[in-house]
There are 2 protein chains.
Amino acid sequence: MQLFIGHILSETEAALSEDESWHCIKVLRHKAGDPITMMDGKGSYYSCTLLDPNPKKCILAINTVDFRENTILYDLHIAIAPTKNIDRIEWFVEKAVEIGIREISFINCKNSERKIIKLDRIQKIVESACKQSLQRYIPQLNELADYTPFIKNIPVGTHAYIAHCQTKDLPHYTTLVKPAGKLLFLIGPEGDFTMNEVTLAMEHGCKELSLGANRLRTETAALFVCNAMSVLASL
Amino acid sequence: MQLFIGHILSETEAALSEDESWHCIKVLRHKAGDPITMMDGKGSYYSCTLLDPNPKKCILAINTVDFRENTILYDLHIAIAPTKNIDRIEWFVEKAVEIGIREISFINCKNSERKIIKLDRIQKIVESACKQSLQRYIPQLNELADYTPFIKNIPVGTHAYIAHCQTKDLPHYTTLVKPAGKLLFLIGPEGDFTMNEVTLAMEHGCKELSLGANRLRTETAALFVCNAMSVLASL
């Protein structure tokens, strides 16, 4: 199924985003009258007919709506320090969306090797992965935030965890984490979190944990968390 | 810890491979007398001293050996159809090694978009990921094999599974798979396995299964299996 991302204008009309309009008209050469399936990223697929094939803003007539509640048992938020090589973050994002995630934040840590991130590009990867894997809910992406304010603003009611290798014999994630409710995992940069960062997180309610014996790269650890929550939730 | 891959020559001497010798001498500029940690990929780390800094074949004096048994409860073999974009296979291999895998095969399926694969390059990724993640056992890589002979040669005693999307309501992997013994998972190409391929696999003892509701890319599905076995084995 070919999906396009858009938003509704009224009960009967919808519009595609600028990128999607271009792709729909200039690349896929859709014409007025063609059937188009539009997703709003909030659980609904709309069966539509292309009314106005404007390559900057396609207008669609909505025929039927198919809404589904998000049935994932947990609300997974991963905060990750961007890697030096941005490809590694990009594939993490693509795979995390395929497996299932609600929110991705980027955090600027003491040992971060990358201090800027282009959210536009990451947003496109998110949308493309949603369409590819038929996800109905588009995850939220947040701008790069400094570590300290990020930690101080963890919402009340979040089960927050910090995965690091600074201390031996940390509790294994399977003994601490239940795949339910609001979950936040902090994943550090290539040089790991500093002990000061770990301490700050714990002062703000985060629990430290181990993801197992293997030394994982930043992006491997982050994706492992997505996979592990999916597995634990399906038991 | 900086690791080099090599092999033992006698009880007291070892040699690095050609690539590793070049890296050790020409890139890292090690000199005779320097301490070197060598791994054989079969469970042992050797504390050595560099005897002959030959950039084509470094010779090391072995001081001590530290051997550890492979404690993973399962012996995971993934047979995957190479993706059109080889980067996707390369990152699967890197991540699978980090998380833990024993053997990787490449299979040539009806819908495969790639019919050749350069094993040398993949072997380097395997070795690099082993060193990075401190894995002591180097997984085995097999040459691209045609689907039918591969299926006909699945070793007796293997718990073999085929993940596909050709049939709805397949049993969920968590109901079928125990993370123990010899496990083989078949992961199909971008266009999925054909029903003939699924039937052949089942005639040869494979069980069909679903990896969940999401439509996963080839490489995402393969890595999901590695992650899932790791999670299930740690419960």
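Residues numbered from 1 in each chain as written. Chains lettered and ligands numbered in written order. Predicted model: local features only at pLDDT ≥ 70, side-chain atom pairs only at ≥ 80, totals over all residues. Heavy atoms only, no water.

A few points about the overall build of chain A
Quick note on the threshold: Comment: elements are numbered from the N terminus, with helices defined as DSSP H or I runs of at least four residues and strands as E runs of at least two. For every residue, the accessible area (1.4 Å probe, protein chains only) is compared with the maximum for its type, and the residue is labelled buried under 20%, exposed over 50%, or partly exposed between those bounds. When charges are tallied, Lys and Arg are placed among the positive residues and Asp and Glu among the negative ones, while His and the ends of the chain are skipped. Charge placement uses NZ in Lys and CZ in Arg. For Asp and Glu, CG and CD serve respectively.
Scanning chain A from N- to C-terminus turns up seven helices and 12 strands. Considering only C-alpha atoms, chain A reaches an extent of 65 × 35 × 30 Å along its principal axes. In chain A, buried positions account for 53% of the 235 residues. Between the averaged position of the 26 positive side-chain charges in chain A and that of its 28 negative side-chain charges there is a distance of 4 Å.

What to know about the packing of helix α7 (residues 218-233) of chain A against helix α2 (residues 86-99) of chain B
Our working definition: Angles here are taken between N-to-C directions and fall from 0 to 180 degrees, while the axes themselves are lines fitted to C-alpha atoms, restricted in helices to the stretch in contact. Here roughly perpendicular refers to angles of 65 to 115 degrees, roughly parallel to angles under 35, roughly antiparallel to angles over 145, and oblique to all remaining angles. Contacts: residue pairs with any heavy atoms within 4.5 Å of one another. Residues were grouped as follows: Ala, Val, Leu, Ile, Met, Phe, Trp, Tyr, Cys and Pro as nonpolar; Asp, Glu, Lys and Arg as charged; and all remaining residues, including Gly, as polar.
Look at α7 of chain A against α2 of chain B: their axes get within 11 Å of each other, and the N-to-C directions meet at 75°. What the angle tells us is that α7 of chain A and α2 of chain B run roughly perpendicular. Here E219, T220 and F224 of chain A of α7 of chain A come into contact with α2 of chain B, specifically with E94, K95, E98 and I99 of chain B. Per-class residue counts for the contact of α7 of chain A with α2 of chain B are two nonpolar, one polar and four charged.

Thoughts on the nonpolar core
Selection criterion: Nonpolar cores are built from buried Ala, Val, Leu, Ile, Met, Phe, Trp, Tyr and Cys residues. Side-chain atoms within 4.5 Å join them into one set.
With 91 residues, the main nonpolar core has I78 and F92 of chain A together with I78 and F92 of chain B as its most contacted residues. With sequence-adjacent residues up to four places away left out, I78 of chain A is seen in contact with F92, I101, E103, I104, S105, F185, I187, A222, V225 and C226 of chain A.

Focus: the sheet that holds strand β2 (residues 13-16) of chain B
Residues and elements named next belong to chain B. Definition in use: Strands were regarded as paired on the criterion that DSSP finds at least two bridges between them.
Strand order in the closed barrel formed by five strands is β1-β2-β5-β4-β3, and the pairing between neighbours is mixed. When the angles between neighbouring strand axes are averaged without regard to direction, this sheet yields 50°. Bridge count for strand β1 (residues 3-8) against β2 is three bridges, and the pairing is antiparallel. Along β2, the bridge assignment pairs H7 with A15. Relative to β1, helix α1 (residues 18-27) is tilted by about 135°, and along the sheet it contacts β1, β2, β3 (35-39) and β4 (44-52). Most of the contacts of helix α3 (residues 119-132) go to β1, to which it runs at about 110°, and overall it touches β1 and β3.

A look at the relation of the copies chain A and chain B
The line we're drawing: Overlaid copies result from least-squares superposition on C-alpha atoms, with residues included only where pLDDT is at least 70 in both.
Screw-axis analysis of chain A against chain B gives a translation of 0.0 Å along the axis, an RMSD of 0.0 Å, and a rotation angle of 180°. Such a turn and shift between the copies fits a two-fold axis. The fraction of interface residues of chain A whose copies in chain B are also interface residues reaches 100%, indicating that both copies meet through the same surface.

Examining the environment of K110 of chain A
Residues and elements named next belong to chain A. Among the secondary structure elements, K110 is positioned in the loop between β7 (103-108) and α3 (119-132). Sequence spacing of K110 and P82 is 28 residues, and the spatial spacing of their C-alpha atoms is 12 Å. Ignoring sequence-local partners within four residues, the contact set of K110 consists of K115, T194 and E197.

Considerations on the interface of chain A and chain B
Quick reminder of the rule: Buried area adds together the accessible area that both of two parts lose upon being put together, with accessible area traced by a 1.4 Å probe. Within this document, salt bridges are pairs made up of a side-chain nitrogen of Lys or Arg and a carboxyl oxygen of Asp or Glu, the two lying within 4 Å of each other.
Contact residues are listed per partner, giving 31 residues for chain A and 31 residues for chain B. The largest contributions to the chain A side of the interface with chain B come from Q132, R215 and V231 of chain A, which together make up 23% of the buried area. Here chain A is connected to chain B by eight salt bridges. Taking the shortest distance from any N to any O, the salt bridge between R217 of chain B and E94 of chain A comes out at 3.3 Å. Where the side of chain A that touches chain B is concerned, the elements lending two or more residues are α2 (86-99), α3, α5 (173-176) and α7 of chain A. Here the element with the most residues in the side of chain A that touches chain B is α7 of chain A; it accounts for nine residues.

Examining the pairing of strand β2 (residues 13-16) of chain A
All names here are of chain A. Taking the residues that link successive antiparallel strands as the turn, the strand β1 (residues 3-8)-β2 hairpin has four residues. Note that β2 and strand β5 (residues 59-67) share three bridges and pair antiparallel. Its bridge partner being in β5, A15 is matched across the sheet by I59.

Regarding the sheet that holds β5 of chain A
Residue and element names in this part refer to chain A. Pairing is mixed in the closed barrel, where five strands are placed in the order β1-β2-β5-β4-β3. Between one strand axis and the next, the sheet turns by 50° as a mean value, whatever way the strands run. Against the sheet, helix α1 (residues 18-27) makes contact with β1, β2, β3 (35-39) and β4 (44-52), and its axis sits at roughly 135° relative to β1, the strand it touches most. Its contacts with the sheet place α3 against β1 and β3, and it is angled at close to 110° to β1.

Points about the domain arrangement of chain A
By a widespread convention, an interface's size corresponds to the accessible area lost as its parts come together. Residues and elements named next belong to chain A. For clarity, the threshold we go by: Domain ranges listed in this record stem from an automatic or a database domain assignment. Nitrogen and oxygen atoms within 3.5 Å of one another constitute a polar contact, given that in protein one can donate a hydrogen and the other can accept it, and given that sequence-neighbouring residues count only through two side-chain atoms.
Examined at the domain level, chain A breaks down into domain 1 (3-67) and domain 2 (74-233). Computed over C-alpha atoms, the centres of domain 1 and domain 2 are 33 Å apart. Roughly 960 Å² of surface becomes buried between domain 1 and domain 2 when both sides are summed, with 54% attributable to carbon and sulfur atoms. If you look at where domain 1 meets domain 2, you find three salt bridges. Between K124 and D19 there is a salt bridge whose closest N-O contact spans 3.6 Å. There are six residue pairs in polar contact (both at pLDDT 80 or more) connecting domain 1 and domain 2. For the side of domain 1 that touches domain 2, the secondary structure elements donating two or more residues are β1, α1, β4 and β5. The element that contributes the greatest number of residues to the side of domain 1 that touches domain 2 is β1, accounting for three residues. Partitioned by chemical class, the residues of the side of domain 1 that touches domain 2 number six nonpolar, three polar and four charged.

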